[in-house]
Amino acid sequence: MNECIFCKIVARDLPAEILYETEQVIAFRDLNPVAPQHILIIPTKHIASTNGLEEEDAVVVGDMHLAAAEIAKREGFDKSGFRTVMNCGLDGGQTVFHMHLHLLGGRTMSWPPG
Ligand code: AMP
């Protein structure tokens with residue numbers, strides 16, 4: 001999967017501001033933030049999207065959410081609240097086809113999303 005930009009970040013072939021890392025998950029700041037805090041949490045294994053999930057990936061999906069809670073706490077926006085979003089496919093607004101959880105905080109979010 002050496003064409004995948006997020007795999008390149010995992011391999012340190014592309015720079016990123018990495019905030020959190022385990023063997024299964026890494027998190028880094030979004031290049032084009034849409035909130036004061038905008039962090040992407042990805043599995044280190046290449047999974048294209050929610051549609052590409054297999055039974056064995058259930059643990060890593062849980063790990064991604066545990067990472068979101070831990071990062072929000074470390075960055076000091078757990079109490080004020082935050083939003084996690086995982087876009088899937090074209091209608092979902094997905095542009096990078098390596099599954100990722102957006103962690104957005106530092107401002108009040110509106111609903112419904114665009
Ligand atoms: P999505 O539209 O849900 O697929 O989100 C992809 C996100 O990846 C966007 O918010 C982009 O700003 C972000 N992004 C793309 N390339 C990079 C990169 N090299 N480093 C950090 N974030 C990136």
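About the cut-offs
- Residues numbered from 1 in each chain as written.
- Predicted model: local features only at pLDDT ≥ 70, side-chain atom pairs only at ≥ 80, totals over all residues.
- Heavy atoms only, no water.
- Pairing = 2+ DSSP bridges.
- Helix = DSSP H or I, 4+ residues; strand = E, 2+ residues; numbered from the N terminus.
- Axes fitted to C-alpha atoms, helices over the stretch in contact; angles between N-to-C directions.
- Phe/Tyr/Trp six-rings, centres within 6.5 Å; stacked < 30°, edge-to-face > 60°.
- Buried < 20%, exposed > 50% of the residue type's maximum accessible area, 1.4 Å probe, protein only.

1. Some thoughts on the sheet that holds strand β4 (residues 82–85)
Consideration 1: In space, the five strands of this open sheet follow the order β1-β2-β3-β5-β4, with antiparallel pairing throughout. Two strands lie at the open edges of the sheet, namely β1 (18–21) and β4, each paired on one side alone. The sheet shows a mean angle of 20 degrees between the axes of neighbouring strands, taken without regard to direction.
Consideration 2: For strand β2 (residues 25–29) and strand β3 (residues 37–43), the ladder comprises five bridges, and the chain directions are antiparallel. Directly across from R29, in β3, lies its bridge partner I39.

2. A word on the packing of aromatic side chains
Consideration 1: Tallied over the entire structure, the rule returns two aromatic pairs.
Consideration 2: Where F6 meets F28, the ring centres are 5.3 Å apart and the plane angle is 75 degrees; that geometry is what we call edge-to-face. Here F6 is found in helix α1 (residues 5–10), whereas its partner F28 is found in strand β2, with 22 residues between them in sequence. The same class applies to F6 as to F28, namely buried.
Consideration 3: Between F77 and F82, the ring centres sit 6.1 Å apart and the planes meet at 85 degrees, which makes this aromatic pair edge-to-face.
Consideration 4: When its relative accessible area of 4% is taken as the criterion, F77 is described as buried.

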